[in-house]
Amino acid sequence: MANILLVVPDSDLGKSLDFALRADGHAVTWRSSLDENPIPIHFDCAILDHHAVGHNLKQGDVFCRAFWPVILLANSEGHPLSKAAFCTVLKPLLGPVLSAAVNDALAVRRVTT
């Protein structure tokens with residue numbers, strides 16, 4: 001299906017999302033932060049937990065532009081990175097909502113590339 005970059009610092013959440021995305025047929029590369037080694041830009045979609053950005057909103061904005069479409073996982077709709085992201089999915093209710101967001105992001109990606 002698609003190559004998805006997952007950036008989630010919480011290992012339990014990361015494992016759960018990794019499992020769900022693979023169950024949907026996607027290949028997943030999981031990182032716990034944006035501060036790790038450089039990330040090659042060859043993904044169809046990215047999922048970014050707002051905790052991976054912390055207070056470095058500029059880094060998060062740059063990431064959203066470089067890896068668009070990016071699905072932001074946040075605790076509230078008003079997160080400062082929501083405008084830079086393709087869409088925001090609110091935690092903790094991810095399951096089907098995240099799957100739908102991934103499908104929408106992939107559809108937009110196919111149209112724009």
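A few points on the structure. Being a predicted model, the structure only gives us computed values, none of them experimental.

1. With respect to the packing of aromatic side chains
For step 1, the next point in the chain: With the rule as written, the count across this model stands at 2 aromatic pairs.
For step 2, the next point in the chain: Judged by centre distance (6.0 Å) and plane angle (80°), the ring pair of W68 and F86 falls under edge-to-face. Placement of the pair is W68 in the loop between α3 (57-66) and β4 (70-74) and F86 in the loop between β4 and β5 (87-90), with a sequence separation of 18 residues.
For step 3, the next point in the chain: Residue class for W68 comes out partly exposed when judged on its relative accessible area of 32%.
For step 4, the next point in the chain: On the basis of relative accessibility, which here comes to 24%, the residue F86 falls in the partly exposed class.

2. Let's talk about unusual backbone geometry
Backbone phi values are negative for most residues with the exception of glycine, while trans is the configuration of most peptide bonds.
For step 1, the next point in the chain: In the segment running from W68 into P69, the intervening peptide bond is cis, with an omega of 5°.
For step 2, the next point in the chain: Tracing the sequence through the fold places P69 in the loop between α3 and β4.
For step 3, the next point in the chain: Cis geometry is adopted by the peptide bond preceding P92, which originates at K91 and carries an omega value of 5°.
For step 4, the next point in the chain: Assignment of secondary structure puts P92 in the loop between β5 and α4 (95-112).

3. Brief notes about the sheet that holds strand β1 (residues 3-7)
For step 1, the next point in the chain: Taken together, the 5 strands give an open sheet; going across it, the order is β2-β1-β3-β4-β5, and neighbouring strands pair in parallel fashion. Two strands lie at the open edges of the sheet, namely β2 (27-31) and β5, each paired on one side alone. Here the average twist between neighbouring strands, direction ignored, is 20°.
For step 2, the next point in the chain: By the bridge criterion, 4 bridges tie β4 to β5 in an arrangement that is parallel. Counted as the bridge partner of L72 is T88 from β5.
For step 3, the next point in the chain: Taken strand by strand, helix α1 (residues 11-23) contacts β1, β2, β3 (45-49) and β4, and its axis lies near 170° from that of β2.

4. A few points about the environment of D10
For step 1, the next point in the chain: Summarising the element assignment, D10 is placed in the loop between β1 and α1.
For step 2, the next point in the chain: Between the C-alpha atoms of D10 and V97, which are 87 residues apart in sequence, the distance is 19 Å.
For step 3, the next point in the chain: Within the structure, D10 has its side chain in polar contact with the backbone nitrogen of D12 (distance 3.1 Å).

5. Here we look at α3
For step 1, the next point in the chain: Listing the buried residues of α3 in full gives G60, F63 and C64. For α3, the buried positions fall inside an angular range of 100° around the axis, keeping them on one side. Opposite the packed face of α3, turned more than 90 degrees from it, sit the exposed residues K58 and R65.
For step 2, the next point in the chain: As for α3, its buried residues are in contact with β1, β3, α2 (50-53) and β4.

Definitions and cut-offs
- Residues numbered from 1 in each chain as written.
- Predicted model: local features only at pLDDT ≥ 70, side-chain atom pairs only at ≥ 80, totals over all residues.
- Heavy atoms only, no water.
- Phe/Tyr/Trp six-rings, centres within 6.5 Å; stacked < 30°, edge-to-face > 60°.
- Helix = DSSP H or I, 4+ residues; strand = E, 2+ residues; numbered from the N terminus.
- Buried < 20%, exposed > 50% of the residue type's maximum accessible area, 1.4 Å probe, protein only.
- Pairing = 2+ DSSP bridges.
- Axes fitted to C-alpha atoms, helices over the stretch in contact; angles between N-to-C directions.
- Contact = heavy atoms within 4.5 Å.
- Polar contact = N/O pair within 3.5 Å; in protein donor to acceptor, adjacent residues only side chain to side chain.
- Arc of directions from axis to C-beta.

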